[in-house]
Amino acid sequence: MRLSRIIMALTVGLAVVAVPTAAGAAPAQPSPSTSAGATQPPPYAPQPPALTVNRPTIFLGETVVLTGANFGPNETVDISVTVTPIAAPAAGNAPARRSDGTTVAMAPVAYQASAPLNFTAYTDAQGRFTKSYKPSVTGLLTFTATGRESGRTASTELRVLHRKQPLPVTGDSIGTPMKLGGGLVGAGAIMLLLTLAWRRRQRFGGAAH
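I will try to describe carefully the structure that is included in this document. Owing to the predicted nature of the structure, the values given are computational and were not obtained by experimental measurement.

Right, let's get into the pairing of strand β8 (residues 153-161). As judged from the three bridges shared by strand β2 (residues 57-59) and β8, these two strands associate in the parallel manner. Considered in β8, the bridge of Phe59 is made with Leu161. Relative to β8, strand β7 (residues 139-147) is paired through eight bridges, and the arrangement is antiparallel. When the bridges of β8 are listed, Gly139 appears paired with Val160. What sits between β7 and β8 in their antiparallel hairpin is a turn of five residues, with Gly151 showing a positive phi close to 75°.

Structure, rendered in structure tokens:
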């Protein structure tokens, strides 16, 4: 009888010891805060490359500054220039006119394209660059910048106009003032002769009386 109680006590003790051990062996479940979808940050979206000029319209002989952003860090950027003629006459340049009101056809002046149409710039660690450019032609200039390593590209436009020039002196423009001056001189001579004749007539008429 006493032996049975000892065996029962041992069985109960082993059962009590085994319960915490089984509970500790169970795999831990991940908490909601550590789930893959809740803690993953959204993917980074890079900014598109940009190319700008500090002035959209200039006169021939002036300088602009090109600014690039969001290109690759510390890379070489190739810049190309495309020139498109401006069909409309430049602002402030009125056509020469004859005395009868008709316009004089003026031949366009050709300029030597001494400014390069292809050149390079270099970005800093943030992918930015600045570059000065002085056009030597008039027209609509399109700048296209392309990063050699990143392949990123951007473009911008610049309008280059002729400076306002005085109207050219033509044969007709010279002849008109000369004709007008000659007419005034002729009219003055006739008035002088008439005045002298009138005075002479008055003098001799008074002497006859």
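So, on to unusual backbone geometry. One non-glycine residue, Asn70, lies in the positive phi region at around 65°. Relative to the helices and strands, Asn70 resides in the loop between β3 (64-69) and β4 (76-84). For Asn74, which is not glycine, the phi torsion reads 55° and is therefore positive. Here Asn74 shows up in the loop between β3 and β4. With a relative accessible area of 58%, Asn74 lands in the exposed category.

Calculation criteria
Residues numbered from 1 in each chain as written. Predicted model: local features only at pLDDT ≥ 70, side-chain atom pairs only at ≥ 80, totals over all residues. Heavy atoms only, no water. Pairing = 2+ DSSP bridges. Helix = DSSP H or I, 4+ residues; strand = E, 2+ residues; numbered from the N terminus. Buried < 20%, exposed > 50% of the residue type's maximum accessible area, 1.4 Å probe, protein only.

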